[in-house]
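# Observations on the model geometry
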Amino acid sequence: MTSSKPSRAWSEVFRRSRISPYVFVVAEDAAKEVDRVVAGLGLPEASSNSLFDNAHWATPLLDGAVARLRTYGWSTLPSGTRVYGHRPLRLLCHFMDLQPPTRALSGERSVPEVDQLLADLDRQRQADTAALLAQAGMAMANDPQEVLAAVRALLGDEAIGTVAEASV
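One structure accompanies this document, and this report is about it. A quick note: this is a predicted structure, and the numbers were derived from the prediction, not measured.

Procedures and definitions
- Residues numbered from 1 in each chain as written.
- Predicted model: local features only at pLDDT ≥ 70, side-chain atom pairs only at ≥ 80, totals over all residues.
- Heavy atoms only, no water.
- Phe/Tyr/Trp six-rings, centres within 6.5 Å; stacked < 30°, edge-to-face > 60°.
- Helix = DSSP H or I, 4+ residues; strand = E, 2+ residues; numbered from the N terminus.
- Buried < 20%, exposed > 50% of the residue type's maximum accessible area, 1.4 Å probe, protein only.
- Pairing = 2+ DSSP bridges.

Next up on the list: the packing of aromatic side chains. Remark: the centre distance and the inter-plane angle together describe each pair of aromatic rings, the angle taken between the planes. Applying the stated criterion across every chain yields a total of one aromatic pair. Ring centres of W10 and F24 lie 6.1 Å apart, and the angle between their planes is 80 degrees; on these two criteria the pair is classed as edge-to-face. Separated by 14 residues along the polypeptide, W10 in the loop between strand 1 (8-9) and strand 2 (14-16) and F24 in strand 3 (residues 23-26) bring together distant segments of the chain. Residue W10 is classed as buried on the basis of its relative accessible area of 11%. Look at F24 and you get buried, because its relative accessible area is 1%.

This is the structure:
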C-alpha cells in the first residue's frame, strides 16, 4: 500500500461476473498490476499450456484463487483474469490500495477484517505446496460451466447462486 487513503474504487479494477456472484473479472488495463501483486504474495502458481490448447495460470488465494486464461479461439470463456471469492477480492483491494466494497457483496456472509485476511494469508503461505497447487488447478476453466464447478469446489455448494451465461 502506498497511502493511507485508497485512491481508486474496487470497481475500477474488478467487475462482477455474470457467471457467479463469487467471480470477479479483472479489467484488461489492470491485469498486469493484479499479476504483479499476486506474484509477490509468495504462493505457488499452477499452469497449463500445451500446443493446440488454451493457456492457464492460477494461484490459490485464501479460500479462492486468481485465474488467468489465454484462449486461442476454442473457448466460450474469453481470455482474461478472474478472481474467485470475496475474501481474495478484498485482500487484493488491500494490497492494491483500492477502496473495497463498503458492504457485504451478494453471497458474502460478513465483511472480514483486513487483519484476519492477512493472518489467513500468512497461514496459507505455510501450507503444503502440493495442496496449494491442487487448489490452483481447480480454478483453471475454459467455459462458464467449468468456472461454476471451480467455484463449487473452492467455495462450496452455497457459492453457486446464479446460472452461468455464455458471456462473462
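Next comes the rest of the description.
So, on to unusual backbone geometry. With the exception of glycine, the majority of residues adopt a negative phi angle, and the majority of peptide bonds are in the trans configuration. In the Ramachandran plot, L62 falls in the positive-phi region, its phi being about 55 degrees despite a non-glycine side chain. Relative to the elements of secondary structure, L62 occurs in the loop between strand 5 (55-61) and strand 6 (64-70). Within the chain, D97 stands out as a residue other than glycine whose phi angle is a positive 60 degrees. If you trace the backbone, D97 turns up in the loop between helix 2 (86-95) and strand 8 (98-99).

Burial of strand 3 is two-sided: the residues V23 and V25 facing one way and the residues F24 and V26 facing the other way are all buried. The pairing of strand 2 with strand 3 spans three bridges and is antiparallel. Residue F14 lies in a different strand from strand 3, and its bridge partner there is V26. Counted along the chain from strand 2 to the antiparallel partner strand 3, the turn is six residues long. Judged from the three bridges that link them, strand 3 and strand 7 (residues 80-84) form a sheet pairing that is antiparallel. Counted as the bridge partner of V25 is R82 from strand 7.

The values are spatial; any link to function lies outside them.
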